[in-house]
Amino acid sequence: MATPSMEDYLERIYKLIDEKGYARVSDIAEGLEVHPSSVTKMIQKLDKDNYLVYEKYRGLVLTSKGKKMGKRLVDRHALLEQFLTMIGVQGENIYKDVEGIEHHLSWDSITCIETLVEYFQRDANRLQELRMIRSELDADS
């Protein structure tokens, strides 16, 4: 079972490999705002847990387990951003809010949110009605 910290690293590594084709310790450290030595320690742990294969000075490669988990984490993050946007959370709060909640929701809750997002996407009137209700509530407070 991956810890929230491990999830952050896997998500970042997956995104870097997807965008650049590789993930360097320095890029991971910069993206997560941590020291390179912390990245090295976590990479060694992720290697031990079979999420990736790490060879000192040669780089790292995600295993199929690591790729699957990385994709799942990136998709979860995107879904939560989409959900918060859909329900009207202000743009400047979305990233911070997603980072704050993503590790605290069960995969069951994520699936339910995914279903709700799909429900609103299937009929634009539903989303419009939600936004009208939100406007009414904002006006009342």
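For the structure itself, consult the block above.
Residues numbered from 1 in each chain as written. Predicted model: local features only at pLDDT ≥ 70, side-chain atom pairs only at ≥ 80, totals over all residues. Heavy atoms only, no water.

A. The arrangement of the packing of helix 1 (residues 4–20) against helix 3 (residues 36–48) in detail. Close contact between helix 1 and helix 3 brings their axes to 11 Å; oriented N to C, the two are set at 95 degrees. Relative to helix 3, helix 1 is oriented roughly perpendicular. Between helix 1 and helix 3, the residues in contact are Ser5, Met6, Tyr9, Leu10 and Ile13 and Ser38, Val39, Met42, Lys45 and Leu46, respectively. Its residues assigned to classes, the contact of helix 1 with helix 3 shows 7 nonpolar, 2 polar and 1 charged. (Axes fitted to C-alpha atoms, helices over the stretch in contact; angles between N-to-C directions. Helix = DSSP H or I, 4+ residues; strand = E, 2+ residues; numbered from the N terminus. Parallel < 35°, antiparallel > 145°, perpendicular 65-115°, else oblique. Contact = heavy atoms within 4.5 Å. Nonpolar A, V, L, I, M, F, W, Y, C, P; charged D, E, K, R; others polar.)

B. Up close: helix 3. With 13 residues, helix 3 extends 18 Å between its outermost C-alpha atoms, agreeing within 8% with the 18 Å of an ideal straight helix rising 1.5 Å per residue. Among all positions in helix 3, only Val39, Met42, Ile43 and Leu46 are buried. Along the long axis of helix 3, the arc covered by the buried residues comes to 105 degrees, so they all point the same way. Set apart from the buried face of helix 3 by more than 90 degrees, the exposed residues are Lys41 and Lys48. (Expected span 1.5 Å × (residues − 1). Buried < 20%, exposed > 50% of the residue type's maximum accessible area, 1.4 Å probe, protein only. Arc of directions from axis to C-beta.)

C. Spotlight on unusual backbone geometry. You will see that glutamate 33, though not glycine, has its phi angle at about 55 degrees, which is positive. Note on placement: glutamate 33 falls in the loop between helix 2 (25–32) and helix 3. We note that asparagine 50 has phi near 65 degrees; this positive angle belongs to a residue other than glycine. For asparagine 50, the position within the fold is in the loop between helix 3 and strand 1 (52–55).

D. Just the nonpolar core, in detail. If you look at the biggest cluster of nonpolar residues, it comprises 22 residues, and the most contacted ones within it are Ile13, Ile28, Leu46, Leu52 and Leu60. If you list the elements that add at least two residues to this core, you get helix 1, helix 2, helix 3, strand 1, strand 2 (59–62) and helix 4 (64–86). Per element, the largest residue contribution to this core is 6 residues, and it comes from helix 1. Not counting residues up to four positions away in its chain, the partners in contact with isoleucine 28 are Tyr9, Arg12, Ile13, Leu16, Ala23, Val39, Ile43 and Leu60. Counting residues in hydrophobic clusters, the runner-up holds 12 residues, among them Leu79, Ile94, Ile110 and Phe120. (Core = buried A, V, L, I, M, F, W, Y, C linked by side-chain atoms within 4.5 Å.)

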